Structures are given as C-alpha cells and as structure tokens.
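The primary structure of each chain is shown beneath.
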Amino acid sequence: MTQVFFYHGASDKIAAACALLGGAYAKRKPMLVFAPDKAIANSVDRMLWTQPALGFVPHCQADSPVAAETPIVITDSLDNIPQDERLMNLSQDVPPGFSRFQSLIEVVGQEEDERSSARDRVKFYKDRGYEVRYFDLSAR
C-alpha cells in the first residue's frame with residue numbers, strides 16, 4: 001500500500017519541495033513531481049537549477065528524451081511515467097493513479113486554500129485506509 005507523507009506549514013512551498021527533492025537526490029531516490037500548474041512546474045525547475053547554492057539537482061520535464069535516466073522528473077500528467085517509486089504532489093487535488101506509487105509526498109504551504117484542499121486530501125486517503133504521516137515545516 002502506498003505510504004503517504006504530508007509536509008505541511010511550509011512558508012515557501014516551492015523552496016520546501018526543492019529541499020525535499022535535493023534530499024531525495026542525495027539519497028539516490030528518484031522522484032516524480034506532479035505539477036499540473038505550469039507556473040509551479042516552472043518555479044520548481046528554476047529553483048532546482050540554483051539550489052543548493054553549491055550543487056545541482058539533475059532534473060527534467062517528463063517529455064525530455066533523458067527522463068528515464070534523470071532522478072527528478074517534473075510532469076503535468078501521470079499517464080506515461082518513467083518510474084513509480086516516489087511521487088511528489090504539488091497540485092491541490094489527489095493525483096490520479098497515486099496508488100501505483102510506493103510513496104506519495106504532499107507539500108503544503110501556509111495559505112488557507114492550500115491547507116483546506118490538503119485537509120480534503122487527507123480525508124480522502126484516510127477514508128481509503130491509507131496511513132498518513134505528518135511533518136511540520138512551520139518552524140523551519
């Protein structure tokens with residue numbers, strides 16, 4: 001069954017997501033980033049080019065010819081995916097087909113609309129028997 005992790009209370013959702021992606025890359029864990037909103041996908045892409053300041057997190061869009069060999073892949077669709085190990089959800093909705101992934105990582109900011117949709121997703125997962133683990137980012 002998919003493990004569900006909620007990283008909530010982030011003062012900067014994109015920065016928090018990129019920090020988590022950097023940590024996943026450092027541990028050699030591939031991650032698929034579901035970002036159907038183009039502005040969010042572009043922000044993640046830009047930040048991964050500059051963070052960490054003295055490093056680089058290899059990443060690309062899902063339609064890139066090197067997506068299958070790239071550890072961090074950003075996508076707006078979960079139809080044709082290069083891996084099904086870890087999914088990071090940066091949308092306000094439950095990602096379609098999330099249950100085929102071993103892990104689902106949700107990143108939630110402090111905005112009320114984000115928090116409200118996150119509560120709806122938590123209820124969705126719990127109603128279907130998924131255990132949800134929480135990590136508070138508000139103190140970071």
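A few points on the structure. (Residues numbered from 1 in each chain as written. Predicted model: local features only at pLDDT ≥ 70, side-chain atom pairs only at ≥ 80, totals over all residues. Heavy atoms only, no water.)

Counting residues in hydrophobic clusters, the biggest one holds 23 residues, and the most contacted among them are Leu21, Met31, Val33, Val44, Met88 and Leu90. Looking at this core, the elements that each hand over two or more residues are strand S1 (3-10), helix H1 (13-26), strand S2 (31-34), helix H2 (38-50), strand S4 (72-75) and strand S6 (103-109). Counting residues per element, this core draws most heavily on H1, which supplies 6 residues. Among residues more than four places away in sequence, those in contact with Met31 are Leu21, Ala24, Pro71, Ile72, Val73, Gln83, Arg86, Leu87, Met88 and Ile105. Ranked by size, the runner-up nonpolar core spans 18 residues in total, among them Phe6, Phe34, Ala67 and Leu78. (Core = buried A, V, L, I, M, F, W, Y, C linked by side-chain atoms within 4.5 Å. Buried < 20%, exposed > 50% of the residue type's maximum accessible area, 1.4 Å probe, protein only. Helix = DSSP H or I, 4+ residues; strand = E, 2+ residues; numbered from the N terminus. Contact = heavy atoms within 4.5 Å.)

Quick look at the layout of surface pockets now. The gaps left among the atoms become clear once a water-sized probe is rolled over them. Of the volumes computed, that of the largest pocket is approximately 290 Å³. Lining the largest pocket are 13 residues, with Tyr7, Ala24, Lys27, Lys29 and Met31 sitting closest to its centre. When residues of the lining of the largest pocket are traced back to their parent elements, those giving at least two are S1, H1 and S6. Here the lining of the largest pocket gets 4 residues from one element, more than from any other, and that element is H1. Grouping the constituent residues of the lining of the largest pocket by class yields 7 nonpolar, 3 polar and 3 charged. (1 Å grid on protein atoms, 1.4 Å probe; cavity = no way out; pocket = protein on both sides within 12 Å on 5 of 7 lines; lining within 4 Å. Points joined across faces, edges and corners; volume = space filled by probe spheres on them. Nonpolar A, V, L, I, M, F, W, Y, C, P; charged D, E, K, R; others polar.)

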